[in-house]
Amino acid sequence: MKFYVSAKDARKGSVKTTVPADTVAARRISSRTVLVLGIVFLLSFVRVAVLVLESSAVCSTFDCVGSTFFGGGDADLKLRDELTRALIEAKVIDGNANEGGAIMSFNELVKVLASKQDLKAFAFKTKAMLLRMEREVQSARKQESLYWHIASHGVPQSLHCLCLKLAEEYAVNAIARSRLPLPEHVSRLVDPTFHHIVLLTDNVLAASVVVTSTVENSANPERLVFHVVTDKKTFTPMHTWFAINSINSAVVEVRGLHHYDWSKEVNAGVKDMQETNNLIWKHYYSNYKQKELDHSEDHNRYLEALRPSSLSLLNHLRIYIPELFPDLNKVVLLDDDVVVQHDLSSLWELDLNGKVSGSVFKSWCENSCCPGNKYVNFLNFSHPIISSNFDGDKCAWLFGVDIFDLEAWRKSDITKTYHQWLKLNVQSGLTLWNPGMLPAALIAFEGQVHPIDTSWLVTDLGYRHRSEEIGNSIERVETAAVVHFNGPAKPWLEIGLPEVRSLWTRYVNFSDKFISKCRIIV
């Protein structure tokens, strides 16, 4: 008599007796399906074990167990003890998991189950297979994380082409070099009656989508003033794009970091901040090469620390917005991976109750804090400095769309506090929080953030593992004023999630000759 445990029967919790055909070949388990097969096998094995233990006779062979099981009878504790003892003794060390020939497929395991007469030998085979499967799953997850890490940080050839073509146009086309904004609109750059929007980015295509989507969905686009700040390398193509794709209603200013003439104090602070973040990046890079990271959580934390954004000065300059715009009183900061779907005018009318910032706390999760969005997910509460100063259950506010009262900011110590904690984290061996811009900002802005309605922002559209949860709230996504593609799956990359990418692509000007030449298809 032979046992055959099928995946279908495992779900039903039953065991069939049959004689498998000689022509059935063992199938190899791929890294994509090994987790599913592992779960199915484990459920099947547990079910078989339970049924066997309920047999009436004391047996040490499968022939005996099979006959007594199908013959009926009462459970016997001696058989239970024997099988339990065999499983406990079968402690296969990782390095010796393949000794004696580890089972490589589910069908092979079924053959062993049918042929082996010794429960202890079968237990050894079972443990070896489970350990091997677990290692394969962990290895596959690490490889997938690494591939996504590489894919999310690369610059697509089409975007690189776009920058080159626009830089060439700047050299040969006088319109591309024309002043931004036009002389008659320069006064608007510091006029507090206009709605000022700040965008810090080196991505031309992303900047064009942010500006286009904001203007198209604005009730009063003529009141909008965009301040696009970029680095020296990207200034020429960025300027060219907005010069030849001028927006008649709104005003767009493009400035490079090399155009700013900061005070010695501010310049020293920015330099110190950049050097500190370079030190943090080097620390994680060095450790990542040397360490064998067994846990996916540690692995992902290191990959997060090695993101190019962690070295981007533009990313960290958010903490210096009052110095970037000394003549402005109130601005809205938009990330470059957002799409504006509704009018933003009422943001400038919000009463922040004396706070520096107005930000969304709960995004698409309505009245509850979204998964992974509490202080405990960003800060290390096992460290006494953190646990004594902050509440781990507190919901974190979000970047994406934020309204800042710059007058209130200048009266606060936010920027100074940010620097102090950044240095303290280095002195503490980088153990105070997980890598990223947000943890330090949460500390610096503590007590200075006024919550705004969750309908203003839906986040996490760049995280594949959260796409299903967000998909269940697709109506909420479509009705949000701003959607944020934070996460590795940016909509301009091939790994962008198709379920939500159309929200971004509808604002790409595919009729533009440079986009066409560079074959930008997303």
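Residues numbered from 1 in each chain as written. Predicted model: local features only at pLDDT ≥ 70, side-chain atom pairs only at ≥ 80, totals over all residues. Heavy atoms only, no water.

As named in an unreviewed UniProt entry, the protein is Hexosyltransferase, taken from Glycine soja. UniProt lists a comment for the protein under the heading Sequence similarities (unreviewed entry), and it reads "Belongs to the glycosyltransferase 8 family." Here is the UniProt Subcellular location (unreviewed entry) comment for the protein, exactly as written: "Golgi apparatus membrane". (UniProt positions renumbered as here; feature names shortened; annotations may be inferred.)

(A) Geometry of the pairing of strand β5 (residues 251-256). Extensive coverage of β5 is indicated by the burial of five of its six residues. Here strand β4 (residues 224-230) runs beside β5; their pairing, made up of six bridges, is parallel. Bridge pairing in β5 places V225 opposite V251. Following the backbone out of β4, through helix α9 (residues 232-244) and into the adjacent parallel β5, one traces a crossover that is right-handed. (Buried < 20%, exposed > 50% of the residue type's maximum accessible area, 1.4 Å probe, protein only. Helix = DSSP H or I, 4+ residues; strand = E, 2+ residues; numbered from the N terminus. Pairing = 2+ DSSP bridges. Right-handed = clockwise from strand over helix to strand, strands pointing away.)

(B) Structural view of the sheet that holds strand β10 (residues 449-451). If you walk across this open sheet you meet the seven strands as β5-β4-β3-β6-β9-β8-β10, and the pairing is mixed. Of all strands in the sheet, those with a lone pairing partner are β5 and β10, marking the two edges. Neighbouring strand axes in the sheet, compared pairwise and without regard to direction, differ in orientation by 25° on average. In the packing of helix α8 (residues 204-216) onto the sheet, the strands contacted are β3 (195-200), β4, β5 and β6 (330-334), and the crossing angle to β4 comes to about 170°. This element, α9, spans β4 and β5 of the sheet and lies at about 160° to β5. (Axes fitted to C-alpha atoms, helices over the stretch in contact; angles between N-to-C directions. Contact = heavy atoms within 4.5 Å.)

(C) Representation of the state of the cysteines. In this structure the tally under the stated criterion is two disulfides. Between the sulfur atoms of C161 and its disulfide partner C518 the distance amounts to 2.1 Å. With the S-S bond torsion at -75°, the cross-link from C161 to C518 turns out left-handed. Residue C161 is located in helix α7 (residues 157-172), and its partner C518 is located in the segment after α21 (513-517); the two are separated by 357 residues in the primary sequence. (Disulfide = S-S within 2.5 Å.)

(D) Layout of unusual backbone geometry. Here L180 and P181 are connected by a cis peptide whose omega angle stands at -10°. Take P181: it is sitting in the loop between α7 and β3. Phi at N353 takes a positive value of approximately 55°, unusual for a residue other than glycine. When you line up the elements, N353 lands in the loop between β7 (338-340) and β8 (357-359). What makes N353 exposed here is its relative accessible area of 52%. The backbone of D460 sits at a positive phi, close to 70°, despite the residue not being glycine. Mapped onto the elements of the fold, D460 is located in the loop between β11 (457-458) and α18 (467-471).

(E) Representation of the side chain of T234 within the structure. Structurally, the position occupied by T234 is in helix α9. Among the residues examined, T234 registers a relative accessible area of 1% and is labelled buried. Polar side-chain contacts of T234 include one of 2.7 Å to the side chain of D231. In terms of polar contacts, T234 uses its side chain to reach the side chain of K233, at 3.4 Å. Leave out the neighbours within four places in its chain, and T234 touches D202 and V204. (Polar contact = N/O pair within 3.5 Å; in protein donor to acceptor, adjacent residues only side chain to side chain.)

(F) Expanded view of the sheet that holds β11. An order of β7-β12-β11 is seen for the three strands of this open sheet, with the pairing classed as mixed. Each end of this open sheet is capped by a strand with a single partner; those strands are β7 and β11. Inspection of the sheet shows β7 paired to strand β12 (residues 482-484) by three bridges, in the antiparallel sense. Bridge pairing in β12 places V338 opposite H484.

(G) The side chain of D512, seen in detail. Its location among the elements puts D512 in the loop between α20 (498-505) and α21. K513 provides the closest opposite charge to the buried, unpaired D512, separated from it by 7.6 Å. Engagement of the side chain of D512 in a polar contact is seen with the backbone nitrogen of I515, the distance being 3.2 Å. Beyond its immediate chain neighbours, meaning those up to four positions away, D512 contacts W241 and N245. (Lys, Arg positive; Asp, Glu negative; His and termini not counted. Salt bridge = Lys/Arg side-chain N within 4 Å of Asp/Glu carboxyl O.)

(H) Here's a closer look at the packing of α7 against α9. Contact geometry for α7 and α9: axes closest at 8 Å, N-to-C directions at 75°. In terms of orientation, α7 lies roughly perpendicular with respect to α9. When α7 is examined against α9, the residues C163, L166, A167, E169 and Y170 are found in contact with a partner set consisting of T236, P237, H239, T240, W241 and I244. A per-class count over the contact of α7 with α9 returns seven nonpolar, three polar and one charged. (Parallel < 35°, antiparallel > 145°, perpendicular 65-115°, else oblique. Nonpolar A, V, L, I, M, F, W, Y, C, P; charged D, E, K, R; others polar.)

(I) Spotlight on the packing of aromatic side chains. Using the criterion set out here, one finds nine aromatic pairs in the structure. Seen from their ring centres, W397 and F399 are 4.9 Å apart, and the 80° between their planes marks the pair as edge-to-face. On the basis of relative accessibility, which here comes to 10%, the residue F399 falls in the buried class. Each residue in the set W397, F399, F404, W409 and F445 is aromatic and connected to the rest through ring pairs, giving one cluster. One cation-aromatic arrangement involves R255 over Y260; the distance from NZ or CZ to the ring centre is 4.1 Å. For the cation-ring pair, R318 lies above F399, with the distance from its terminal atom to the ring centre recorded as 4.2 Å. (Phe/Tyr/Trp six-rings, centres within 6.5 Å; stacked < 30°, edge-to-face > 60°. Lys NZ or Arg CZ within 6 Å of the ring centre and 35° of its normal.)

(J) Broad picture of the nonpolar core. The biggest cluster of nonpolar side chains holds 65 residues, and the ones touching the most others in it are L162, F242 and L334. Sort the elements by how many residues they give to this core and α8 lands first, with eight residues. Setting aside its immediate chain neighbours within four residues, L334 contacts I197, V198, L199, V210, T214, V340, L344, G400 and V401. With 51 residues, the next largest nonpolar core counts L313, V331, W397 and I414 among its residues. (Core = buried A, V, L, I, M, F, W, Y, C linked by side-chain atoms within 4.5 Å.)

(K) How the structure looks around the environment of S312. As for its placement among the helices and strands, S312 is situated in the loop between α11 (296-305) and α12 (313-316). A relative accessible area of 22% means that S312 is categorised as partly exposed. Separated by 111 residues in the primary sequence, S312 and T201 have C-alpha atoms spaced 9.5 Å apart.

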